[in-house]
Amino acid sequence: MTNPDFKTYIVTLKENAAVENFKKAINAIGGEIGHEYSLIKGFSIKIPSISASELHKTEGINTIEEDKEVKIQ
């Protein structure tokens, strides 16, 4: 069962970002790493919804997007 107060995001890091510091920051806000991508310096993460705005302040983050279904017409 998934917690409705948690959302999944796709996060990419800047080339010079310290990956271990990012992982520690995710754990500190009660989140978890879902997948670490190999072609890009990025992760899928699951974090409390309320923490998403705080994540933008984390050093080394390039982009953050909520992971959701995309449709084309």
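Each value, and the rule that gives it
Residues numbered from 1 in each chain as written. Predicted model: local features only at pLDDT ≥ 70, side-chain atom pairs only at ≥ 80, totals over all residues. Heavy atoms only, no water. UniProt positions renumbered as here; feature names shortened; annotations may be inferred. Helix = DSSP H or I, 4+ residues; strand = E, 2+ residues; numbered from the N terminus. Rg over C-alpha atoms; globule rule 2.2 N^0.38 Å. Core = buried A, V, L, I, M, F, W, Y, C linked by side-chain atoms within 4.5 Å. Buried < 20%, exposed > 50% of the residue type's maximum accessible area, 1.4 Å probe, protein only. Contact = heavy atoms within 4.5 Å.

As recorded in an unreviewed UniProt entry, the protein goes by the name Protease B inhibitor 2, listed as coming from Pichia kudriavzevii. Recorded under Function (unreviewed entry), the UniProt text for the protein is reproduced unchanged: "Cytosolic inhibitor of vacuolar proteinase B (yscB), probably regulating protease B activity during limited proteolysis. PBI2 is a component of the LMA1 complex, which is involved in the facilitation of vesicle fusion such as homotypic vacuole and ER-derived COPII vesicle fusion with the Golgi." Listed under Sequence similarities (unreviewed entry) in UniProt, the entry text for the protein is "Belongs to the protease inhibitor I9 family."

The next thing to look at is the overall build of the protein. Counting its secondary structure elements, the protein contains 2 helices and 4 strands. Listing the helices and strands of the protein from first to last along the sequence gives β-α-β-β-α-β. Rg of the C-alpha trace for the protein: 12 Å, near the compact-globule value of 11 Å for 73 residues, within the 12% margin. Reported as C-alpha extents along the three principal axes, the dimensions of the protein are approximately 35 × 30 × 20 Å.

Ranked by internal contacts, the top residues of the largest apolar core, which has 13 residues, are Val11, Phe22, Ile45 and Leu55. Where this core is concerned, the elements lending two or more residues are β1 (6-13), α1 (19-28), β3 (42-48), α2 (52-55) and β4 (61-66). Aside from chain neighbours lying at most four places away, what touches Val11 is Phe22, Lys41, Gly42, Phe43, Ile45, Leu55, Ile61, Thr63 and Ile64.

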